[in-house]
Amino acid sequence: MTSTPTSAATAATVTRWTPSWSPDHTDSSLPPITVINDPHDLPDYTITALASHHPATGRVAVHPTPLATAPAYLAHDLIRALGKHLPPPHREAPWWTLNAESSWRVTLAWTQALHIDHYVICRAHRITERHLEYLMALRERTRTRLTLVISGPPPAALATVLSAVRHHEIDSLEAARQHLNTGAQSRSHASNYPGWHHAAPFPAPDDEPWYALPPRSRHPGRRPATTTPTSRGTVNLLPGRATVPPPVVLLALTDLAAPSPHHEAVAQRIHTRIAHPVHAAAVAVRALTGYGIDQLAHLTRPTPQRPQADLPADLPRWAELLLEAAHVHSELENYTRPGLPAHLTDANKPFRLTCGEEEEIAHATETCRLLAANPAPERPSTRRKNP
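Along every chain, residues carry numbers that run from 1 in the direction the sequence is written. Only residues with pLDDT of at least 70 are given local features in this predicted model, and only at 80 or more are side-chain atom pairs given and counted; all residues enter the totals for whole chains, interfaces and linings. Side-chain calculation: all heavy atoms of the structure are included, whereas hydrogens and water are not.

> Mind showing me how you'd approach the overall build of the protein here?
By definition, any uninterrupted DSSP run of H or I lasting at least four residues is a helix, any uninterrupted run of E lasting at least two residues is a strand, and each is numbered from the N terminus. In terms of helices and strands, the protein carries 13 helices and 10 strands. Partly exposed residues are those whose accessible area sits between 20% and 50% of the maximum for their type, while under 20% is buried and over 50% is exposed, using a 1.4 Å probe and protein chains only. When each of the 387 residues of the protein is scored for burial, the buried share is 47%. By sequence separation, contacts in the protein at least 24 residues apart represent 81% of the contacts at least 6 residues apart. Only the protein chains shown count as cover for residues, and all accessible areas are computed by the Shrake-Rupley method using a 1.4 Å probe. In the structure as shown, the protein presents an accessible area of about 19500 Å², 54% of it carried by carbon and sulfur atoms. Contact criterion: two residues are considered in contact whenever any of their non-hydrogen atoms come within 4.5 Å of each other.

As structure tokens, then:
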């Protein structure tokens, strides 16, 4: 009996990354964990730990939400410590925020793309056993340094972890200050990420200007969008939203001779207000090119083998970083064996959108006060019509 051959594309898919960890499966070459003991819960320890927060140099300090025990909560705390906000509370929570594994994949994507190499966790004695396991899984994957500030009796789960990994303990405030105030170095391009220097307000103030995205490109795909006219052209409106002031029209990246202050403002909004890396990258591409949401999954990026592509080769660095984070997230969601041809891995396609993500991207676009422009008009036909 002959077996049915498996296609190369199917055989390429291995597994998605899951935040799982056990004491008998750990990399002994990882940097040792640092445990700062604060048995009397002195405020100076927490103040010192939070003051060490400097993401532009790769170090992020996190104060976990008190009494938040749901498995996704610590991932959300890390995302917020990176300067990002989850969707506003008046909206129904997106599916990924309710799923622990999805939330930790988002955290890992940002950690890797932004070159975060040191997490400082305050009040680590209060995090749950599941949170600790997820944190260890993140450490294993990203090889980040980990400092835990224990301001109370250490839980049994922590003792189990420490018995399986290399670690060292600090028992004085002076030693804690020395540990937390040394070792930070510039993280190359990540230090120029706009969110480290300028954070857009969240939620958006009522008087914040709206921007109209560049006119919709005709390629790839030509599915028309539903539009509603305004006094400044035509824009897409999500159902149930009130009329907005006339927006400022953005120019496409290919029409700009120099970086636009408007795009810099948009970059800050995207960094601050969109927590999911794929959605953030999608909104950035829309702001720079005018492509519609339905076109994103078909877009291609230039490669040495295929220099002709839908996206420009010289995207701004802030947009490249978002695309890097989206790429990392896509690999975590659907890990593909390296070394395969691009036509099997879709390596030149930055977006692999799942069902329902189009609506999330639409909401993320409007969270940044961006409106979709009218599709570009079709060229008139030169063929003669029959009378």
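> Could you clarify how one ought to interpret the sheet that holds strand β4 (residues 145-150) in this entry?
The strands making up a sheet are joined through hydrogen bonds of the backbone, oriented either antiparallel or parallel. Two strands pair if DSSP finds at least two bridges between them. On the basis of which strands lie adjacent, the open sheet formed by 5 strands has the order β2-β3-β4-β1-β5 and parallel pairing. At either end of the open sheet lies a strand with only one pairing partner, and these are β2 (59-62) and β5 (167-170). The mean angle between the axes of side-by-side strands here comes to 15°, regardless of whether they run parallel or antiparallel. Both β2 and strand β3 (residues 118-121) contribute to a ladder of 4 bridges, which runs parallel. Directly across from Ala61, in β3, lies its bridge partner Val120. Lines fitted to C-alpha atoms define the axes here, with helix axes fitted over just the stretch in contact, and angles between the N-to-C directions of these axes take values from 0 to 180 degrees.

> Sorry if this is basic, but what is going on with the packing of helix α10 (residues 277-289) against helix α13 (residues 357-367) here?
In helix packing, the relevant descriptors are the interaxial angle and the interaxial distance, both defined with respect to the helix axes. Where α10 meets α13, the closest approach of the two axes is 9 Å, and the angle between their N-to-C directions is 65°. Crossing of α10 against α13: the hand is right-handed. Along its contact with α10, which presents Val278, His279, Ala282, Val283 and Arg286, the element α13 presents Glu357, Glu360, Ile361, Ala364 and Thr365. In this classification, Asp, Glu, Lys and Arg are treated as charged, Ala, Val, Leu, Ile, Met, Phe, Trp, Tyr, Cys and Pro as nonpolar, and every other residue, Gly included, as polar. Each residue belonging to the contact of α10 with α13 can be placed in one class, and the counts come to 5 nonpolar, 2 polar and 3 charged. In a left-handed crossing the near helix is turned counterclockwise from the far helix by less than a right angle, and in a right-handed crossing that turn is clockwise.

> What exactly am I supposed to notice about the environment of Pro350 here?
Turning to its location among the elements, Pro350 is positioned in the loop between α12 (342-345) and α13. Expressed as a C-alpha distance, the spacing of Pro350 and Val278, which sit 72 residues apart in the sequence, is 8.9 Å. Filtering out sequence-adjacent residues up to four positions away, Pro350 remains in contact with Leu299, Arg301, Leu311, Leu323 and Ser330.

> How should I be thinking about the sheet that holds strand β6 (residues 211-212) in this particular structure?
Read from one edge of the open sheet, 3 strands run β9-β6-β10, paired in parallel fashion. Where the open sheet ends on each side, the last strands, each with one partner, are β9 (248-249) and β10 (370-371). By the bridge criterion, 2 bridges tie β6 to β10 in an arrangement that is parallel. By the bridge assignment, Tyr211 is partnered in β10 with Leu370.

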